[in-house]
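Survey of secondary and tertiary structure
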Amino acid sequence: MRDTLSDRMGAALLMAPLLLFLVLAYAWPFLGVVKWSFTLPTPGLGQYHALLTDDLVQSVFIRTLRIAAIVTVVSVTAAYAITVVWVRGSPVQRILAEFCILVPFWISVLTRAFGWVALLSNRGLINTWLQSIGFISEPLTLVRNEFGVIVGMSHFLIPFAVFPLASAMRSLDERVLLAARGLGSSRMRTFWTVFVPMTRSGIIGSALIVFVFSLGFFITPAILGGGRSVMIAELIYLRIFQSPDWGLGAAISVVLVVFVGALMALLFRYVRPKQLV
Amino acid sequence: MPTYRPGPVSLILAVLVALFLLLPLLAVVPVSLTPSRMLAMPTGELSLRHYRSLIEDPRWIQSILLSIRIGIVSSALSTVLALSFSLGVWMFQPRFTAALVGFVLLPMVVPPVVSAVTLYFLLTSISGISSFFGYDTWLGVAMAHSVMTVPFATVLILVSLSQLDRRIDLAARGLGAGVWERATRIIMPNIKFGIVTAALLSFVLSWEEIGVTLFITSVNAITLPRLMWMGLRDNIDPAIAALSVILIIITVLVLAARSVITRRPVP
């Protein structure tokens, strides 16, 4: 009896500092943000009403959903292609694929966005090269629009899409694939009718992760969108620092959390957390 | 034993994706060597002037030193908090463990921009009370970064604890070791690799953090990513290309060193 009591004390003492820190520095201020959304500039549901009626907010929401959906399809498809080689390739292929996945993964979002500016801008590598071979006379507008945003975001999110796919592909029973081949199925057919369906949980997990990340993305759209294709996160930033319309910024934040929370609940319904990593 | 290997179509697609992933990292190299004052490709002549401006312009050096200081403080804070919490969870397995761990992981799951608004609220509230701890102070940034990095540190330490044999701890306990002794002399030496990794990851995450930093700094606490952001938004400064090249080289070297040391795939 004395033992269990001291155990409980020990657990409480060890766990308390972090829990206290997060309550004070994170949970409590979040409630403050929720309060803002109901009280600024005037008390009431005005900000939530504005969310449903304001044309600008609506168009930003729709654009964010559209970009997130496109980025999800692009990232998961690209990640699938490179993950197949990372998991199933020959030893040399595996090392090369791993290098290509992990190096960008560890490089900061700013450096990566800047790299795309260097490639896609009017005086960037692609336009300079296309002009020097005489393929185009005027530089193409590849950045400061939605195209640039989608390219930059997909580049950032492909490594994140890889991990759930890799774990699904690793846990798959290789004998089933060999059996399909042995029974005369072509390589293509084995891939589409056996391999892909067996990695379904990885595809769902990967798509949801990318989609959820895309919704709150800030830096890449702000740099590569050049203020023209504003997404939700940048709208929150602008509302707080340029308007300053803290109430609306707070209300959008609250809606974003609720939406992402619902998507995460969906994720854990279909995919067990352990399958993701 | 035959194995199922990717065919030619898969390989071609994978190479295209690999090129896509590496291209923007390679593109900054020629830009960093341009003699032009603006972002452009070098036309014939190469120059190291943008590398020189990194050293000569005091703003870059100051922001690098500030980022290092903030990184060390926030990494220390988040590693100590995460370690203490994880030891509590592992040694005592209290009820509601899942809920508590879930709560700790929130800053990792909530969209960063919402965390940024939350921390902006926190630090502007504190600013009224204290002038060195609130909005646009280095201590404020370090605390905010700790909130953002602590879930990652916790995950890493919990993973290394989960690989530890419980019987070691039971034996120490049976031999009469107290909680403090078990934690510091039995468990921590066994997971030191995990602790060091957690501290390093927290430092790297703080070093790169921009989403939250943007909301909680204005003119005083200008970290390196914040300075890069300012350079990228206003007029694109090729010094950023030079800096990017250096950061990319460091990353590649660290990853290579790590895979040689551990001799296993980096997670």
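**A few points about the overall build of chain B**
Across its full length, chain B carries twelve helices and zero strands. Structurally, chain B occupies a C-alpha span of about 75 × 70 × 30 Å along its principal axes. Burial status across chain B gives 49% buried among its 267 residues. Sequence-distant contacts in chain B: of pairs separated by 6 or more residues, those separated by 24 or more amount to 67%. Total accessible area computed for chain B in this model is approximately 12800 Å², and 70% of it derives from carbon and sulfur atoms. Side-chain charges of chain B comprise 18 positive and 11 negative groups, with the mean position of each set lying 11 Å from the other.

**Looking at the overall build of chain A**
The helix and strand inventory of chain A stands at 14 helices and zero strands. Each helix and strand of chain A, placed in order from N terminus to C terminus, yields the pattern α-α-α-α-α-α-α-α-α-α-α-α-α-α. C-alpha extents for chain A along the principal axes are approximately 80 × 70 × 30 Å. Intrachain contacts of chain A at a sequence separation of at least 6 include 70% that bridge at least 24 residues. Accessible surface for chain A amounts to roughly 13000 Å². Of this, 68% is attributable to carbon and sulfur atoms. Where the 21 positive side-chain charges of chain A centre and where its 11 negative ones centre are 8 Å apart.

**Observations concerning empty space enclosed by the protein**
All names here are of chain A. In this structure the tally under the stated criterion is one cavity of 30 Å³ or more. In this structure, the largest cavity encloses a volume near 30 Å³. Considering the residues around the largest cavity, the lining is formed by Val109, Arg112, Ala113, Trp116, Gly152, His155, Phe156 and Thr220. For the lining of the largest cavity, the secondary structure elements donating two or more residues are helix H5 (109-120) and helix H7 (146-170). With four residues, H5 is the single largest residue contributor to the lining of the largest cavity.

**Description of the pattern of salt bridges**
Using the criterion set out here, one finds eight salt bridges over all chains in the structure. Among the ionic pairs, Arg88(A) bridges to Glu174(A), the shortest N-O distance being 3.2 Å. Taken together, the positions of Arg88(A) in helix H3 (residues 55-88) and Glu174(A) in helix H8 (residues 174-182) put the pair 86 residues apart, joining distant regions of the chain. Overall, the relative accessible area of 23% leaves Glu174(A) in the partly exposed class. For Arg167(B), the salt bridge identified is with Asp165(B), shortest N-O distance 2.9 Å.

**Structural notes on the interface of chain B and chain A**
With 88 residues of chain B at the contact, the number on the chain A side is 89 residues. When the two sides are added together, the surface that chain B and chain A hide from each other amounts to roughly 8000 Å², 81% of it contributed by carbon and sulfur. Summed over the three residues of chain B that lose the most area to chain A, namely Tyr4(B), Leu21(B) and Phe121(B), the buried surface amounts to 11% of that side. Counting across the chain B and chain A interface gives zero salt bridges. Across the chain B-chain A interface, the total number found is eight residue pairs in polar contact (both at pLDDT 80 or more). The element contributing the most residues to the side of chain B that touches chain A is helix H1 (residues 8-32) of chain B, with 17 residues. Each residue belonging to the side of chain B that touches chain A can be placed in one class, and the counts come to 72 nonpolar, twelve polar and four charged.

**With respect to the environment of Pro111(B)**
Within the secondary structure, Pro111(B) is located in the loop between helix H4 (97-109) and helix H5 (112-127). Leave out the neighbours within four places in its chain, and Pro111(B) touches Gly216(A), Leu256(A) and Val260(A).

**Remarks on the side chain of Thr197(B)**
Mapped onto the secondary structure, Thr197(B) falls in helix H9 (residues 192-208). Contact partners of Thr197(B), with chain neighbours within four places excluded, come to Leu156(B) and Arg258(B).

**Focus: helix H4 (residues 91-106) of chain A**
The terminal C-alpha atoms of H4(A), which comprises 16 residues, lie 22 Å apart, in line with the 22 Å expected from a rise of 1.5 Å per residue. All buried positions along H4(A) are accounted for by Ala97(A), Glu98(A), Cys100(A), Ile101(A), Leu102(A), Val103(A) and Pro104(A). In this structure, the buried residues of H4(A) make contact with H3, H5 and H7 of chain A together with H1 and helix H12 (239-262) of chain B.

**A closer look at the layout of surface pockets**
By volume, the second largest pocket is sized at about 540 Å³. If you trace the second largest pocket, you find 24 residues lining it, with Ala81(A), Phe191(A), Trp192(A), Ser10(B) and Leu13(B) closest to the centre. Mapped onto the lining of the second largest pocket, the elements with two or more residues apiece are H3 and helix H9 (187-198) of chain A together with H1 of chain B. Of the residues belonging to the lining of the second largest pocket, the class tally is 18 nonpolar, three polar and three charged.

Calculation rules
- Residues numbered from 1 in each chain as written.
- Chains lettered and ligands numbered in written order.
- Predicted model: local features only at pLDDT ≥ 70, side-chain atom pairs only at ≥ 80, totals over all residues.
- Heavy atoms only, no water.
- Helix = DSSP H or I, 4+ residues; strand = E, 2+ residues; numbered from the N terminus.
- Buried < 20%, exposed > 50% of the residue type's maximum accessible area, 1.4 Å probe, protein only.
- Contact = heavy atoms within 4.5 Å.
- Areas by Shrake-Rupley, 256 points an atom, 1.4 Å probe, with all protein chains shown as cover.
- Lys, Arg positive; Asp, Glu negative; His and termini not counted.
- Charge placed at Lys NZ, Arg CZ, Asp CG, Glu CD.
- 1 Å grid on protein atoms, 1.4 Å probe; cavity = no way out; pocket = protein on both sides within 12 Å on 5 of 7 lines; lining within 4 Å.
- Points joined across faces, edges and corners; volume = space filled by probe spheres on them.
- Salt bridge = Lys/Arg side-chain N within 4 Å of Asp/Glu carboxyl O.
- Buried area = accessible area lost by both parts, 1.4 Å probe.
- Polar contact = N/O pair within 3.5 Å; in protein donor to acceptor, adjacent residues only side chain to side chain.
- Nonpolar A, V, L, I, M, F, W, Y, C, P; charged D, E, K, R; others polar.
- Expected span 1.5 Å × (residues − 1).

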